[in-house]
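Working through the structure, step by step
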Amino acid sequence: VLGSQRTPDWEARVADMAARRNFLQVRCADAVYVVGWRLEQGKDQFTGRCDIDPRETPVLDVGGGTGWACQWYADRFSDGGEDPAQCRLFFFDDA
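Note on numbering: residues in each chain are counted from 1, in written sequence order. Restriction of local features to residues with pLDDT of at least 70 applies here, the model being predicted, together with a cutoff of 80 or more for giving and counting side-chain atom pairs; totals for whole chains, interfaces and linings are based on all residues. With hydrogens and water stripped out, all remaining heavy atoms of the structure feed into the side-chain values.

Take the overall build of the protein next. Working definition: helices are DSSP H or I runs of at least four residues, strands are E runs of at least two. Numbering for both runs from the N terminus. Secondary structure summary: the protein contains three helices and two strands in total. Listed by position from the N terminus, the elements making up the protein come as α-α-β-α-β. Exposure categories follow from relative accessible area, calculated using a 1.4 Å probe and restricted to protein chains: below 20% of the type maximum is buried, above 50% is exposed, and the middle band is partly exposed. By the burial criterion, 34% of the 95 residues in the protein qualify as buried. Whether two residues are in contact is decided by their heavy atoms: any pair within 4.5 Å suffices. Long-range contacts, defined here as pairs at least 24 residues apart, represent 59% of the contacts in the protein between residues at least 6 apart. Here the protein has roughly 6200 Å² of accessible surface; of this, 52% comes from carbon and sulfur atoms. Note on areas: these come from Shrake-Rupley sampling with a 1.4 Å probe, and a residue is covered only by the protein chains present in the view.

Following this line, the structure appears as structure tokens:
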């Protein structure tokens, strides 16, 4: 959770998005196929509705709980983790 979005209730907001379920779905997945919405630059990562500092928009710009799952999956392949060539993340933008 970045910058101004780290409010006192951020943990509850993440939990409300079924974060544990999302994490468990991707922690050992061979591939991830998702349908979701793109996060606009300068919008919060929870709902995509509230304005935030554009520098706080995550690089992986998938919104909501789906975005968290995608990020946790992608994190497995960074900084000495699993082989990046094995990362199979497929996204369909339902906008």
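Text resumes after the structure shown.
Let us look at the environment of Trp68. Structurally, Trp68 is set in helix α3 (residues 64-75). Sequence spacing of Trp68 and Phe23 is 45 residues, and the spatial spacing of their C-alpha atoms is 7.8 Å.

Here strand β1 (residues 32-36) runs beside strand β2 (residues 89-93); their pairing, made up of five bridges, is parallel. Its bridge partner lying in β2, Val34 is registered against Phe91. The handedness of a crossover follows from its direction of travel: if, with the strands pointing away from the viewer, the path from the first strand over the helix to the second runs clockwise, the crossover is right-handed. Regarding topology, α3 serves as the crossover connection from β1 to the parallel β2, and that connection is right-handed. One requirement defines pairing of two strands: DSSP has to find at least two bridges between them.

Moving on, we get to the pattern of salt bridges. Here, a salt bridge means any side-chain nitrogen of Lys or Arg that lies within 4 Å of a carboxyl oxygen of Asp or Glu. Counted according to the given criterion, the structure contains four salt bridges. Between Lys43 and Asp51 there is a salt bridge, and its shortest N-O distance comes to 2.5 Å. Lys43 sits in the buried class, given a relative accessible area of 19%. Measuring nitrogen to oxygen at the nearest pair gives 2.5 Å for the salt bridge that ties Arg55 to Asp53.

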